[in-house]
Amino acid sequence: MSFQAYLDAIEDKTGLTPRELVALAGERGFDDPATKAGVIIDWLKQDHGLGRGHAMALVHVLKKGPKISAKHVGTSGSHRDESDTLWLDGKRNRPASGAGGDGGGQA
């Protein structure tokens, strides 16, 4: 599953875009660099029903923003992504060419 597919699945499960979840996390102070991943994972599980793998994808966005390693960009494996920038503003708003661009702004 690609990184972007994880974020899309989170949106399907929660009804919230990744950017909306990042904003909710910020309201709780989880955007503080000192916040441990486990605290964020517990919140995402309890309040949004996310499992560890999907929660960790969102933790990455909270901690590092929408940029990801270009390691799988343009590959043919199951973990391939179309861009090294994740789209955070929802599947329906994503440009037809895939994630690309600026990720809809900074996380």
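Parameters and conventions
- Residues numbered from 1 in each chain as written.
- Predicted model: local features only at pLDDT ≥ 70, side-chain atom pairs only at ≥ 80, totals over all residues.
- Heavy atoms only, no water.
- Buried < 20%, exposed > 50% of the residue type's maximum accessible area, 1.4 Å probe, protein only.
- Helix = DSSP H or I, 4+ residues; strand = E, 2+ residues; numbered from the N terminus.
- Arc of directions from axis to C-beta.
- Contact = heavy atoms within 4.5 Å.
- Core = buried A, V, L, I, M, F, W, Y, C linked by side-chain atoms within 4.5 Å.
- Axes fitted to C-alpha atoms, helices over the stretch in contact; angles between N-to-C directions.
- Parallel < 35°, antiparallel > 145°, perpendicular 65-115°, else oblique.
- Nonpolar A, V, L, I, M, F, W, Y, C, P; charged D, E, K, R; others polar.

On to helix H2 (residues 18-27), then. All of the buried residues in H2 are Pro18, Leu21, Val22 and Ala25. Each buried residue of H2 sits inside an arc of 105° when the element is viewed along its axis, so together they form one side. Buried residues along H2 sit against helix H1 (3-14), helix H3 (37-48) and helix H4 (52-64). Phi turns positive one or two residues past the end of H2, at glycine 29, with a value near 85°.

A few words now on the nonpolar core. In this structure, Leu7, Ile40, Leu44 and Leu58 are the most contacted members of the largest nonpolar core, which totals 20 residues. At the level of secondary structure, the elements contributing two or more residues to this core comprise H1, H2, H3 and H4. Per element, the largest residue contribution to this core is six residues, and it comes from H4. In this structure, isoleucine 40 is in contact with Phe30, Thr35, Val59, Leu62 and Lys63, ignoring residues within four places of it in sequence.

The contact between H1 and H4 brings their axes to 9 Å, and the two run at 110°. In terms of orientation, H1 lies roughly perpendicular with respect to H4. In this structure, H1 contributes Phe3, Tyr6, Leu7, Ala9 and Ile10 to the contact, and H4 contributes Gly53, His54, Ala57, Leu58, His60 and Val61. Split into classes, the residues belonging to the contact of H1 with H4 amount to eight nonpolar, three polar and no charged.

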